[in-house]
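# Reading the structure
Here's the letter readout for the chains.
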Amino acid sequence: MANQGLHIIQKTVITSNTAAVTLTGIDDTYDVYHVRIVDAQSTTTEPLRARITKSGVVVDSDNNYDYAWWERLTNRASPGFNSFDNPYGSANGGSWRIQHQNSDTQAGTTIGINLEMDLFNFRNPDANTQVAWRCIFNDESWDGISSTKGAGGFTPASQSVSDGISFFNDSGEFTRGTFILYGYSNTI
Amino acid sequence: MATLEELTTEATAEIEAAKPLYKQVNNERLEFSDADYAQAVTDLANSKWNDQQFGYIQARQEAYGSIADQLDMQYWDAVNGTTNWKDHVAQVKSDNPKPA
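This section reports on the structure supplied with the text. (Residues numbered from 1 in each chain as written. Chains lettered and ligands numbered in written order. Predicted model: local features only at pLDDT ≥ 70, side-chain atom pairs only at ≥ 80, totals over all residues. Heavy atoms only, no water.)

### Some remarks on the environment of A:I188
All names here are of chain A. Tracing the backbone shows I188 in the segment after strand 14 (174-185). Residue class for I188 comes out exposed when judged on its relative accessible area of 93%. Along the sequence, I188 and E71 sit 117 residues apart, while their C-alpha atoms lie 36 Å from each other. (Helix = DSSP H or I, 4+ residues; strand = E, 2+ residues; numbered from the N terminus. Buried < 20%, exposed > 50% of the residue type's maximum accessible area, 1.4 Å probe, protein only.)

### A look at the interface of chain B and chain A
Between chain B and chain A, the contact holds 22 residues from the first and 34 residues from the second. Both faces considered, chain B and chain A share a buried interface measuring about 2300 Å² in area, 41% of it formed by carbon and sulfur atoms. The three residues of chain B that bury the most area against chain A are B:Q24, B:N26 and B:Q58, which together make up 26% of that side's buried surface. Joining chain B to chain A, the criterion identifies 1 salt bridge. The closest approach of N and O atoms between B:D43 and A:R51, which form a salt bridge, is 2.6 Å. Viewed at the interface, chain A and chain B are joined by 16 residue pairs in polar contact (both at pLDDT 80 or more). Sort the elements by how many residues they give to the side of chain B that touches chain A and helix 2 (residues 34-63) of chain B lands first, with 11 residues. Taken together, the residues of the side of chain B that touches chain A sort by class into 7 nonpolar, 10 polar and 5 charged. (Contact = heavy atoms within 4.5 Å. Buried area = accessible area lost by both parts, 1.4 Å probe. Salt bridge = Lys/Arg side-chain N within 4 Å of Asp/Glu carboxyl O. Polar contact = N/O pair within 3.5 Å; in protein donor to acceptor, adjacent residues only side chain to side chain. Nonpolar A, V, L, I, M, F, W, Y, C, P; charged D, E, K, R; others polar.)

### Notes on the packing of helix 1 (residues 4-18) of chain B against helix 2 of chain B
Residue and element names in this part refer to chain B. Two elements in contact, helix 1 and helix 2, have axes separated by 8 Å at closest approach and are oriented at 130°. It follows that helix 1 is oblique to helix 2 by the angle criterion. Relative to helix 2, helix 1 is oriented so that their crossing is right-handed. Along its contact with helix 1, which presents L4, L7, T8, E10, A11, T12, E14 and I15, the element helix 2 presents Y37, A40, V41, L44, A45, N46, K48, W49 and Q52. Split by residue class, the contact of helix 1 with helix 2 holds 10 nonpolar, 4 polar and 3 charged. (Axes fitted to C-alpha atoms, helices over the stretch in contact; angles between N-to-C directions. Parallel < 35°, antiparallel > 145°, perpendicular 65-115°, else oblique. Left-handed = near helix turned anticlockwise from the far one by under 90°.)

### A short note on a nonpolar patch on the surface
Where nonpolar side chains cluster on the molecular surface, the patch consists of B:Y75, B:W76 and B:V79 and spans about 330 Å² of accessible area. Structurally, the position occupied by B:V79 is in helix 3 (residues 67-80). (Patch = residues over 30% accessible without salt bridge, like charges linked within 9 Å, V, L, I, M, F, W, Y side chains within 5 Å. Areas by Shrake-Rupley, 256 points an atom, 1.4 Å probe, with all protein chains shown as cover.)

### Notes on the nonpolar core
Residues and elements named next belong to chain A. M117, L119 and F167 are the most contacted members of the largest nonpolar core, which has 33 residues in total. When contributions to this core are tallied by element, the ones reaching two or more residues are strand 2 (20-24), strand 3 (32-42), strand 4 (48-54), strand 6 (65-73), strand 10 (113-120), strand 11 (129-139), strand 13 (164-169) and strand 14. Apart from residues no more than four positions distant in its own chain, F167 is found in contact with A19, A20, V21, V35, I37, L48, R49, A50, M117, F174 and F179. (Core = buried A, V, L, I, M, F, W, Y, C linked by side-chain atoms within 4.5 Å.)

### Considering helix 3 of chain B
In a regular helix each residue adds 1.5 Å, so 14 residues correspond to 20 Å; helix 3 of chain B covers 20 Å between its end C-alpha atoms and thus fits that length. Following helix 3 of chain B by one or two positions, B:G81 adopts a phi angle in the positive range, close to 75°. (Expected span 1.5 Å × (residues − 1).)

As structure tokens, then:
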């Protein structure tokens, strides 16, 4: 049984250009798992995406990933808009998209992506693997602060557990950022 | 309008030019495997396809006035007999056409 409270399982710090960051080690030790990304920047304005891993291998299976998110734009007269994307049958459906295109995470800007993501059901082979996130970033298209709150599900093609999560951009590489995987124990 | 196959060819050339690419797995820095490179090509080609086929949606969202502004346009159009709101919507659509 894990100790009570919060524990860091993996921590990755980007020190030179890296196209993908994978955090594994999700097992039955903790009750809840969580990812924090701090100030991630990249060489492009392409959206941040995520995928699960099984046995340490990244899973890209179209028709298995689904997600929706709501974006808030701080410099728009309207408070934001709902944005839903059902990737079934569409290109690049094999991942969760955290933001829309043109999200400005490029090196040299004053703010990168900061993200908190809860991971659910990664160890339950009978249920969809689920994530819920909230993140803040500087949006290139509006040149202002934006945030998304989203949720994603992965329907396994066959019963199996997930053991990690991988982050990447549609193109380009991360130039800096810290990626941390936490485990929470419900033990009192 | 490029096909997905043509975009895949473009993506392959771009990934080849970008080699070597690296990943960090639990903070261990590793060069991409062949499978990782193949995945990167697929992802980039799909991204290009999405931009080409669905980029107009976001472009229109960015170009439309706020709901409040559009309601204001509709009110004054009704009062004055003008067509500012219809013109605004038509302009956004024509500036950001849906792919054929």
